[in-house]
Amino acid sequence: MRISLCVFVRIRLVFNEKTHHPVEFLYLFQGVIVKDSEMEALYEEQPPPFEMGVVVSKRVFDQIGEGYDCVQVLVDQFQKIGLIVDRVAGLNDEFLKIAAPVEVLGKAAAELRLKKRTQIGVDLQFEWDEADAFIKQSDGSLFSWCERFRCYKHMIYGIVNKSDSAIILKSDCREIRWQPGKPLLWKLEKEAIVKEVFPIHDEIKRKRLLKCWALNWRDLTHQPLDEIYAYYGAKIAIYFAFIGMYTKWLLFPAAFGIFVQLVDFGSLQFLILPFFFICIISWAVFFLQFWKRKNSTLLARWHICYSVGAAYKYMDTEWSSFHSSVGSIKFGADKTEKEKFQREEWFGHMLRFRNDAIIILSIICLQLPFELAYAHLYEIIGSDIIKFGLTAIYLFAIQYFTQIGGKVSVKLIKREKNESSEYRANSLIYKVFGLYFMQSYIGLLYHAILHRNFMTLRQVITQRLIISEVLENLMENSLPYIKYSYRKYRAVRNKRKREKGMAARKSYFNSRVEKEYFKPIYSASVGDELEDGLFDEFLELALQFGMIMMFACAFPPAFAFAALNNVTEIRADALKILAMYRRPVPRVAATIGAWLNIFQFLIVVSICTNCILLVCLYDREGNWNISPGLAAILIMEHVLLLIKFGFSKIVPEEPDWVKANRMKNATQAQNMCSKQLLRNISGRTLVTCTPNAD
């Protein structure tokens with residue numbers, strides 16, 4: 001029996017009445033509740049979806065003489081290791097769609113020594129013979145998308161020539177020698193026969209997500225996070241969980257800001273703004289603390305251990321590079337080895353310090369004069385229309401200027417001695433955010449502090465919020481379609497030139513995998529070497545958060561602008577990654593990483609900037625006398641800084657049930673290991689002490 005549409009959603013846990021341990025899961029399958037054992041039978045009957053695509057050059061000439069067709073050999077090798085291959089002809093290239101049964105993925109996971117969560121809550125090395133001991137995903141599959149992708153890469157790049165002699169492959173009358181022990185796919189990529197290997201969308205799951213997520217406007221902030229995690233992985237799911245929670249929490253300051261703006265409090269206005277400011281700082285601190293709790297809850301729900309499991313995954317992928325660059329240092333090594341290790345360590349620190357200094361100097365010498373010149377022109381221009389146009393031109397030009405700075409940062413980071421890709425990505429985040437921080441806020445501070453013109457400041461904030469969001473959304477949604485249309489046009493034009501117009505009236509695209517290939521890659525604007533497209537999404541949120549927090553007292557309704565923008569941003573981002581881009585390559589992540597430090601930094605900066613704004617409101621003449629009002633503001637600044645760090649300790653970062661569950665799992669694992677160790681010791685003692693029969 002073949003199931004054409006099969007979607008599993010885990011809806012409930014069944015617990016043992018005595019031990020209160022989970023004994024089985026209940027799943028929702030096509031509107032019917034099924035048990036764990038019944039679900040396994042249904043899942044096994046479902047054919048595995050095609051999840052990987054390989055682009056190969058289309059053969060032009062027939063093979064002549066001895067040798068093997070290299071593409072056919074590649075297909076045969078894929079099938080030999082158990083992969084399911086569907087060969088599809090395109091306009092100018094040929095496409096191999098690849099799927100893998102769960103048994104094949106299991107054997108690859110065992111070879112990779114993947115760490116997976118077991119039924120007792122401990123991450124252990126995967127063994128295919130003991131697959132029932134490991135927890136399944138929320139959609140009923142044994143492996144997550146990140147784990148499946150790693151298995152696919154291991155299998156298709158792990159095909160080597162096991163014979164003792166070279167194998168002659170042919171492609172368009174060109175001979176290729178496949179040497180013994182060499183990977184086949186790397187060789188074909190080097191010879192430009194294999195153009196690209198990329199993940200492809202599962203159409204059934206993609207359409208389901210389009211319907212229940214991207215095109216679902218009934219609940220403005222609701223998102224199927226479990227299905228997003230199952231389809232895209234933890235990093236993308238955590239981003240959408242963050243923006244969803246951020247948008248919900250924005251509703252309070254948005255309503256409060258509109259109330260403060262519309263209601264005339266008369267002489268109490270100078271008291272309302274400090275009160276509003278205190279409430280906003282408290283709101284921001286609590287938001288980040290409760291986000292940490294939600295993040296830990298999601299990790300527990302998805303069976304991801306950040307402190308242990310993530311370290312295992314990073315260790316598998318990053319230790320080889322660290323080991324090769326530094327060398328193995330053993331306990332008791334001689335002095336020269338330890339000195340070499342220390343030299344490498346400090347050399348890496350000095351490289352990072354040098355790169356940070358280059359970025360800071362470029363900001364001061366190049367970007368700061370440009371920002372101040374724009375702010376000064378805006379101050380002296382009288383026409384509002386010219387000001388609006390100047391802001392639009394400025395924002396459009398500064399985007400490309402900052403992207404150039406980001407690409408320079410990428411090149412500098414490649415020369416750093418970072419321990420892993422996580423450290424390299426965090427270094428890139430800090431450097432690029434420093435560039436954007438300067439170009440986003442220095443002009444506003446110029447209006448607020450030097451000219452003390454709050455009407456101009458509010459006007460600039462409004463224009464930037466509107467223009468920047470419109471420009472970014474326009475570029476985010478139009479550029480992928482333009483790139484896709486251009487690549488499709490080039491493919492059709494090349495086919496017409498090759499066939500001299502004979503196929504002009506035929507249907508050009510018969511397969512979805514070719515359409516996926518023409519779509520752009522979901523990558524960062526500064527380069528895809530270190531970060532994916534979420535870099536730009538988090539950067540946009542951080543700049544928005546800084547804008548509304550740092551100038552909260554000057555323009556309270558800015559929170560309402562941010563809330564309205566984020567409601568549409570959630571659906572736009574979902575539609576973008578589902579329909580406009582290829583399926584992103586999964587990346588290992590358990591938190592939002594360095595962006596959390598940036599949000600906390602912006603809270604501290606906003607305390608200082610808003611206190612300066614309140615001082616400017618009280619001291620309009622610029623005498624800077626320490627009157628009772630100004631003294632109260634200075635005291636309030638120190639109190640808010642204490643509140644920021646004090647409230648961070650009031651709300652625990654991890655719920656008690658998550659902590660208790662982790663401790664229970666650790667205790668169970670320790671007890672099982674102790675019992676097994678005692679059995680081994682007892683058995684060994686019995687064998688040793690058994691007397692001889694004679």
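(A) Looking closely at a nonpolar patch on the surface. Judged by side-chain polarity, Ile258, Phe259, Leu262 and Val263 come together as a nonpolar surface patch covering roughly 370 Å² of accessible area. With respect to the helices and strands, the residue Val263 is situated in the loop between α8 (234-262) and α9 (269-301).

(B) Representation of the sheet that holds strand β5 (residues 68-69) within the structure. Strand order in the open sheet made by the three strands is β5-β10-β11, with mixed pairing throughout. Only two strands of the sheet have a single neighbouring strand rather than two, namely β5 and β11 (174-178). Relative to β11, strand β10 (residues 167-171) is paired through five bridges, and the arrangement is antiparallel. Bridge assignment links Leu169 to a residue of β11, and that residue is Ile176.

(C) Spatial organisation of the nonpolar core. Membership of the largest hydrophobic core comes to 104 residues, with the highest contact counts inside it found for Phe559 and Trp595. Membership of the second largest hydrophobic core comes to 41 residues, among which are Leu105, Ala109, Leu169 and Trp178.

(D) Region of the structure containing the sheet that holds strand β6 (residues 84-89). On the basis of which strands lie adjacent, the open sheet formed by four strands has the order β6-β7-β4-β12 and antiparallel pairing. Two strands bound the open sheet, and with one partner strand each, they are β6 and β12 (194-199). Here the strands of the sheet are splayed against their neighbours by 20° on average, with no regard to which way each runs. Bridge count for strand β4 (residues 52-57) against strand β7 (residues 93-99) is six bridges, and the pairing is antiparallel.

(E) Here's a closer look at the side chain of Glu537. In this structure, Glu537 sits in helix α16 (residues 534-550). The contact partners of Glu537, leaving out residues within four places of it in the chain, are Tyr239, Glu476, Tyr522, Glu569, Asp573 and Lys576.

(F) The environment of Ala594, seen in detail. Summarising the element assignment, Ala594 is placed in helix α18 (residues 594-618). The spatial distance from the C-alpha of Ala594 to the C-alpha of Tyr430 is 7.6 Å, given a sequence separation of 164 residues. Apart from residues no more than four positions distant in its own chain, Ala594 is found in contact with Asn426, Ile429 and Tyr430.

(G) Expanded view of the packing of α8 against helix α17 (residues 558-580). Here α8 crosses α17 at 160°, and the two axes come no closer than 7 Å. As far as their axial angle goes, α17 and α8 are roughly antiparallel. The way α8 lies across α17 gives a crossing that is left-handed. Taken together, the residues of α17 that come into contact with α8 (itself represented by Ile236, Tyr239, Phe240, Ile243, Gly244, Tyr246, Thr247, Leu250, Pro253, Ala254 and Ile258) are Phe559, Ala560, Ala562, Ala563, Asn566, Val567, Glu569, Ile570, Asp573, Ala574 and Ile577.

(H) Quick look at the pairing of β4. Summarising burial for β4: five of the six residues are buried, a large majority. In this sheet, β12 lies alongside β4 in antiparallel orientation, the contact comprising five bridges. Across the sheet, residue Val54 finds its bridge partner in β12, namely Val197.

(I) Seen up close, unusual backbone geometry. For Arg113, which is not glycine, the phi dihedral falls at a positive 60°. Relative to the helices and strands, Arg113 resides in the loop between α3 (102-112) and β8 (115-117). The exposure class of Arg113 is exposed, given its relative accessible area of 54%. A positive phi angle is found at His303, which is not glycine, with a value near 60°. Within the secondary structure, His303 is located in the loop between α9 and α10 (309-326).

Parameters at a glance
- Residues numbered from 1 in each chain as written.
- Predicted model: local features only at pLDDT ≥ 70, side-chain atom pairs only at ≥ 80, totals over all residues.
- Heavy atoms only, no water.
- Patch = residues over 30% accessible without salt bridge, like charges linked within 9 Å, V, L, I, M, F, W, Y side chains within 5 Å.
- Areas by Shrake-Rupley, 256 points an atom, 1.4 Å probe, with all protein chains shown as cover.
- Salt bridge = Lys/Arg side-chain N within 4 Å of Asp/Glu carboxyl O.
- Helix = DSSP H or I, 4+ residues; strand = E, 2+ residues; numbered from the N terminus.
- Pairing = 2+ DSSP bridges.
- Core = buried A, V, L, I, M, F, W, Y, C linked by side-chain atoms within 4.5 Å.
- Buried < 20%, exposed > 50% of the residue type's maximum accessible area, 1.4 Å probe, protein only.
- Axes fitted to C-alpha atoms, helices over the stretch in contact; angles between N-to-C directions.
- Contact = heavy atoms within 4.5 Å.
- Parallel < 35°, antiparallel > 145°, perpendicular 65-115°, else oblique.
- Left-handed = near helix turned anticlockwise from the far one by under 90°.

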